[in-house]
Amino acid sequence: MRVRTLAVALLAGGLALTACGKEGSHTDAGAAPSQQAAADVTVDGSTTFERMKSRGKVIIGVKEDQPFLGQKDATTGKYSGFDIDIARLVAAKLGFDETKIEYKAIASQGREQAIINGDIDYYVGTYTINDDRKQKIGFAGPYFTAGQDLLVRKEDTSITGPETLKGKKVCSVTGSTPIKRIKEGNYTELENITEFQNYSQCVSKLADGSVDAVTTDDAILKGYAAEESDKFRVVGKTFSAEPYGIGLPKEDKPLRDKMNDILEEAITGGDWDKIYEATLGKSGSPAEKPVIDRY
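What counts, and at which threshold
Residues numbered from 1 in each chain as written. Predicted model: local features only at pLDDT ≥ 70, side-chain atom pairs only at ≥ 80, totals over all residues. Heavy atoms only, no water. Salt bridge = Lys/Arg side-chain N within 4 Å of Asp/Glu carboxyl O. Helix = DSSP H or I, 4+ residues; strand = E, 2+ residues; numbered from the N terminus. Buried < 20%, exposed > 50% of the residue type's maximum accessible area, 1.4 Å probe, protein only. Contact = heavy atoms within 4.5 Å. Polar contact = N/O pair within 3.5 Å; in protein donor to acceptor, adjacent residues only side chain to side chain. Disulfide = S-S within 2.5 Å. Core = buried A, V, L, I, M, F, W, Y, C linked by side-chain atoms within 4.5 Å. Pairing = 2+ DSSP bridges. Phe/Tyr/Trp six-rings, centres within 6.5 Å; stacked < 30°, edge-to-face > 60°. Axes fitted to C-alpha atoms, helices over the stretch in contact; angles between N-to-C directions. Expected span 1.5 Å × (residues − 1).

Below, the discussion takes up the pattern of salt bridges. Opposite charge on two side chains permits pairing when their charged atoms draw close. Taken as a whole, this structure holds 15 salt bridges when the rule is applied. The partner of Glu242 in a salt bridge is Arg181, and the shortest N-O contact between them spans 3.7 Å. In this pair, Glu242 is assigned in strand β14 (residues 242-249) and Arg181 in helix α5 (residues 177-184), connecting sequence segments 61 residues apart. The exposure class assigned to Arg181 is partly exposed, which follows from its relative accessible area of 25%.

Moving on to the environment of Thr48. Inspection of the secondary structure assignment puts Thr48 in helix α1 (residues 47-55). A C-alpha to C-alpha distance of 7.5 Å links Thr48 and Leu255, two positions 207 residues apart in sequence. If we skip the residues at most four places from it in the chain, Thr48 touches Asp121, Pro249, Asp252 and Leu255. Of note is the side chain of Thr48, whose polar atom sits 2.6 Å from the side chain of Asp252.

This part is about the side chain of Ser176. For Ser176, the location among the structural elements is in the loop between β10 (170-173) and α5. Judged by its relative accessible area of 11%, Ser176 falls in the buried class. Only 2.7 Å separates the side chain of Ser176 from the backbone oxygen of Val173, close enough to count as a polar contact.

By definition, a disulfide links the sulfur atoms of two cysteine residues through a covalent bond. Counting across every chain of the model gives one disulfide. The side chain of Cys171 participates in a disulfide bridge whose partner is Cys202; the two sulfur atoms lie 2.1 Å from each other. Taking the sign of the S-S torsion, about -70 degrees here, the bridge from Cys171 to Cys202 comes out left-handed. With Cys171 in strand β10 and Cys202 in helix α6 (residues 199-207), the pair connects residues that are 31 residues apart, well separated along the chain.

Right, let's get into the nonpolar core. In terms of nonpolar packing, the biggest core is built from 59 residues, with Ile60, Phe82, Leu94, Tyr122, Phe144, Leu151 and Ile246 touching the most fellow members. Element by element, the count of residues in this core is highest for helix α2 (residues 82-93), at seven residues. Every residue in contact with Phe144, bar those within four places of it in the chain, is listed here: Phe82, Asp218, Ala219, Lys222, Glu242, Pro243, Tyr244, Trp272, Tyr276, Leu280, Ala287 and Pro290. Core analysis: the next-biggest nonpolar cluster, separate from the first, contains 11 residues, Leu150, Ile159, Leu165 and Ala213 among them.

Moving on: the sheet that holds strand β4 (residues 70-72). Sheet strands pair by backbone hydrogen bonding; their relative direction is either parallel or antiparallel. Reading across the sheet, the three strands line up as β3-β4-β5 and stay open at both edges, with antiparallel pairing between neighbours. Pairing within the sheet leaves two strands with one partner each, and these edge strands are β3 (65-66) and β5 (79-80).

This part is about unusual backbone geometry. The amide bond that connects Gly141 to the next residue, Pro142, takes the cis arrangement and shows omega of 5 degrees. If you trace the backbone, Pro142 turns up in strand β8 (residues 137-146). At Asp40, a residue that is not glycine, the phi angle is positive and equals roughly 55 degrees. On the secondary structure map, Asp40 appears in the loop between β1 (21-22) and α1. Backbone geometry at Asn186 places phi at a positive 55 degrees, although glycine is not the residue there. Residue placement: Asn186 occurs in the loop between α5 and β11 (193-196). The exposure class assigned to Asn186 is exposed, which follows from its relative accessible area of 52%.

All right, on to the packing of aromatic side chains then. Enumeration according to the criterion identifies 13 aromatic pairs in this entry. For the pair Phe82 and Phe144, a centre-to-centre distance of 5.4 Å together with 70 degrees between the ring planes defines the contact as edge-to-face. Here the residue Phe82 occupies a position in helix α2, and Phe144 occupies one in strand β8, the gap between them amounting to 62 residues. Exposure class is identical for Phe82 and Phe144. Each is buried. Here the aromatic rings of Tyr143 and Tyr244 are separated by 6.5 Å at their centres, their planes lie at 50 degrees, and the arrangement is tilted.

Reading across the sheet, the five strands line up as β11-β10-β12-β9-β13 and stay open at both edges, with mixed pairing between neighbours. At either end of the open sheet lies a strand with only one pairing partner, and these are β11 and β13 (232-234). Along the sheet, successive strands turn relative to each other by an average axial angle of 30 degrees, direction set aside. Sitting on the sheet, α5 is in contact with β9 (148-153), β10, β11 and β12 (213-217), with an inclination near 165 degrees to β11. Where α6 meets the sheet, it contacts β9, β10, β11, β12 and β13, and its direction lies at approximately 150 degrees from that of β12.

Helix length check: α2, at 12 residues, gives a terminal C-alpha distance of 17 Å against a target of 16 Å (1.5 Å per residue), a fit within 8%. Of all 12 residues that make up α2, 11 are buried, and the element is covered over most of its length. Of the residues making up α2, those classed as buried are Phe82, Asp83, Ile84, Asp85, Ile86, Ala87, Arg88, Leu89, Val90, Ala91 and Ala92. Positive backbone phi, at 105 degrees, marks Gly95, one or two positions downstream of α2.

By themselves, these observations are geometric and do not establish any function.
See the structure below:
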């Protein structure tokens, strides 16, 4: 089932990004549904849930530098985006309103250890479910199925998919799966591949014409396209499957099952559609609804 496409002029972006903080109310990313905390929630057998209850708040690991996914406003300290709204929805269904959420920005390489150490209760931030990670932590979801895609300048019609990258300059993040896939697939010559530490650097190079395409998960690229819809577009031809899940302690199956129930209700009940349309849907690109993978 496809989410309807929104063609929306974008809000001004380019926010400077800083460290973690608490959330008060939702930022201006769109009209995502407000979440009222559920009352008298129980999750029998969940040590993580009991820790949240005794603490009186939930600590959620997130990204802070991904437009319309997980982004922190340096001025207000507030977080917004698709992942943030999913994190907020789950927290509300577990009984925690926005005043009882603490967001903690954690880079990709530190996610598993933060969950294992108990530094966070769960993590929502473009976190692909895979078998290697399941050896260390658990996953609820997926709440979104991304795929590797290409971000190009809006007027560029020469790039229609990965097979049209020969002779083109491509940028992605150093050591990432997307850049590895570009190299191993011989999509373009090695000398045409540029690597940086973060995607915003790649997007800047795309804007000034230094590179022809930026590649990573389409969800991330949709965020950049939504932020500057007059400059960029997502090609819309994915060449991988990246199911995003909520990371949580491996042995906490009761909480994982509860989160899967929450996500399934959101997907079938319409809240997922509203969250998408208010965030990543501003890119003008549709999305497939995910199917929960229980284990």
